Every structure is written in structure tokens, then in C-alpha cells.
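# Survey of secondary and tertiary structure
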Amino acid sequence: MARMRMNQAVAAALGDEMRQDPTVVVFGEDVAAAGGPFKTSDGLLEEFGPLRVRDTPISEMGFLGMAVGAAASGLRPVAEIMFIEFLGVALDQVVTEAAKFHFLSNGVFTCPMVVRASVGAGLGFGCQHSQTFENWLNNAPGLKMAVASGPQSAYGLMRSAIRDPNPVVVLEPRALYGGRGPVTRGEEGIIPLGEIARVREGDDVTIVTAGAMLRVAMAAAKSSDNWSAEVIDLQTLIPWDRDAVVSAVRRTGRLVIVEESPYTSGWGTEISAYVGSRLFGELKAPVLRVTCPDVPVPFGRELELRYMPNKEYVTDQIDQLMATGRVPEPWWVGEGSRV
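Residues numbered from 1 in each chain as written. Predicted model: local features only at pLDDT ≥ 70, side-chain atom pairs only at ≥ 80, totals over all residues. Heavy atoms only, no water.

## Thoughts on the overall build of the chain
The criterion, for reference: Numbered from the N terminus, helices here are DSSP runs of H or I no shorter than four residues, and strands are runs of E no shorter than two. Exposed residues in this analysis have more than 50% of their type's maximum accessible area, buried residues have under 20%, and partly exposed residues fall in between, with area computed by a 1.4 Å probe over protein chains only. Any two residues having at least one pair of non-hydrogen atoms within 4.5 Å are treated as being in contact.
Helices and strands together make up the secondary structure of the chain, namely 12 helices and 14 strands. Its C-alpha atoms give the chain principal-axis dimensions of about 60 × 45 × 40 Å. In the chain, buried positions account for 56% of the 339 residues. Considering only contacts within the chain whose residues lie at least 6 apart along the sequence, 79% involve residues at least 24 apart.

## Considerations on the domain arrangement of the chain
The criterion, for reference: Domain start and stop positions are those given by an automatic or database domain assignment. In short, buried area is how much 1.4 Å probe accessible area vanishes from two parts on joining, totalled over both. Criterion for a salt bridge: a side-chain nitrogen of Lys or Arg within 4 Å of a carboxyl oxygen of Asp or Glu.
According to the domain assignment, the chain consists of domain 1 (2-189) and domain 2 (197-324). The gap between the C-alpha centroids of domain 1 and domain 2 is 26 Å. Listed by partner, the interface residues are 27 residues for domain 1 and 21 residues for domain 2. Carbon and sulfur atoms supply 58% of the area that domain 1 and domain 2 bury against each other, a total of about 1800 Å² over both sides. Counting the contacts that link domain 1 with domain 2 gives 0 salt bridges.

## A few points about the environment of G65
Tracing the chain through its elements places G65 in helix α3 (residues 60-72). In sequence terms G65 and E97 are 32 residues apart; their C-alpha atoms lie 8.5 Å from each other.

## Overview of empty space enclosed by the protein
Short version of the rule: A pocket, in this scheme, is an open set of points on a 1 Å grid over the protein atoms alone with protein on both sides within 12 Å along at least 5 of 7 lines, while a cavity is a set where a 1.4 Å probe fits but cannot get out; residues line either one if an atom lies within 4 Å of a point. Grid points are joined across faces, edges and corners, and a volume is the space filled by probe spheres set on the points. Each residue gets one of three labels, nonpolar for Ala, Val, Leu, Ile, Met, Phe, Trp, Tyr, Cys and Pro, charged for Asp, Glu, Lys and Arg, and polar for the others, Gly among them.
In total, this model carries 1 cavity of 30 Å³ or more according to the counting rule given. What the largest cavity holds in volume is close to 100 Å³. For the lining of the largest cavity, the secondary-structure elements that each account for two or more residues are β7 (168-173) and β13 (255-262). A per-class count over the lining of the largest cavity returns 7 nonpolar, 3 polar and 3 charged. Of the domains in this structure, domain 1 (2-189) and domain 2 (197-324) are the two that each give at least three residues to the lining of the largest cavity.

## Structural notes on the pattern of salt bridges
Overall, the coordinates contain 20 salt bridges when judged by the stated rule. Across the pair D16 and R19 runs a salt bridge whose closest N-O atoms are separated by 2.7 Å. Pair noted here: D16 and R19 are both in helix α1 (residues 6-20), with a separation of 3 residues, about one helical turn. The class for D16 is buried, based on a relative accessible area of 13%. Across the pair R116 and E172 runs a salt bridge, and its minimum N-O distance is 2.7 Å. Here R116, found in strand β5 (residues 114-119), pairs with E172, found in strand β7; they are 56 residues apart in sequence, far enough to count as distant.

Next up, the structure:
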């Protein structure tokens, strides 16, 4: 087991799959000669050559369309979107073409392609390069979507995504790229899509989270002497592990969802609705979602840090839920801002 930064773990996963399967190809903007804008494909060009690792023009619609065709023709392409926002100019290729290819062909064709994208705030990239946009993809039947929360999950989820016969979008919080952690490589390090990771045991509340918010949720859980929290890394948003989440919440009686997305239409709304409907009458308190406000991500460092959930805020929200049995108002309502 080696310690790696998360960007190195992504490159390791790509390399390991490319060595094992000659149909895996990688392309995107600056992924070859530069080793990726965030060094997530560093060394791949030198090992596998320009036929399997290709730089593309700045045309997301073009190279995602190429990925759809390549996948339908027998390859397993991995296409990188530098910032998730850039997927907007080519969303049709993912949600209308790739996601529907299997169904439109009556099962004759599959579309085993992976779309990687960096996401999230915390590094001062401003409102146009700091969003997460899970909700762009949550309502597209035929897609799968995973979210990395550290080096091991980035490695394991990426290898599963490449092997999957369906199109898979893998979101990589760029604030985590430089974080180090132990990584088990090979078959033992692969993480199946659609399964949670139970990161911490607890009795009073179940915290469900994903991506960069896992470390926030863990910090909050460790900081409180008033309650004991079970922490679940969802890992896969589509399909999410309904049975495991419901089972965990049934045991603790409370559900808190911590997400790095705006309050309105965040991915936690689906989980909240599902768990609330299945466990109505068994819950000890309403489902609490801890999110970002419905405003663009600020550029200034102080405002950006205020925008995202942090340890203190998550702890305070859960403290209030435990004390009152009611969902507390979010901070922006308490400070007089508009929702």
C-alpha cells in the first residue's frame, strides 16, 4: 500500500486499467503532453503513446461525441472535462446520446465511456469554475455517477467506472487533488459502483455525504461530545445505495445530509424524500440537509469559506436538531439573507 495524492491515484487507476485492457483510451484538453491540467494523467503519454493518450482541441462537444462513437465501436474511452461547467456545451452528448444508446439500439450497443470532471469550491476559482452540478446529471436515466472523496475512492471508483458497460460520470473535487492518503492498488483496491462506505460508527445520527464534504462531516462527528454520528460516504450518486442508507437511518433514527451544492435541487433532496417516505413514523426528527446557499460561489477567500459547510456549522446544525427535534434554519436565513 502506497501513499498518494488524489491526482496521482487517478493517474494510477487510469494506468492500471490501460495496462490490463488495450481498448482503454484517454483524451481531453492537455491530458497528454502536459500530463493533465491537474496532473491526473501524468506519465500516461510516455507509457502508452499518442494513439491511446490524446490531446484534443478546446471543443467539448467534439471530443465527447468522439467518445460516444468510440465506445459504441468497441473502445473504452475516458474523456476529461477540465471544469464541470464546460460540460454544459456538450451535455447533449452525455445525457441524450451516451445515456440512451443502449436503449435506442434495443441492447445491441453499449456505451462504456467515462467522463471525468473536476468540481467544487475551495481554491478561489470563482463562480464560473467552482460548481458541482450533480443536478445536471441526476435526472438522466442510463447514466451512472460517482464522486471521489480521497485517493482510495478516486482510484477504486475510477477503475470500476472504466469497466462498467454503461456511461459513467466521475466527479473529482479539485480541492482534494493534493491530499495524500493510503491507496491499495490492483483488484483489491477496486470499489464497486452503487455501494456506500461506512466511514465511522455512531448511534444517535446518520450523516450521509459525498466528495469534499466527507472530511467536513468526519471533523464534525469527531468534535461533538453531545452525540455520536455514523458517517456514510455515498460514493455513487447514481445509483445510490438505498437499502444501506435506509438501514443505517432506521438504526439511528436521524438523518443529516451534508452536501457541497446549493440548497435548491441538491442531490440530497432525493435521499431526503426517499428516506422520509420509507421511514415515516420511525424517525426521531425530520431529515436535515446542510448545504450551500442559493448564490454563486464567491471568489474572495473569506466569502468562499463562508459559502461552504464547515465543521463548526455542521456541528451546530446537528446540535440544534438533537436538542429540539426540529430542523434549524440555515445560517443565511439567520443572518437575514434571502433564500
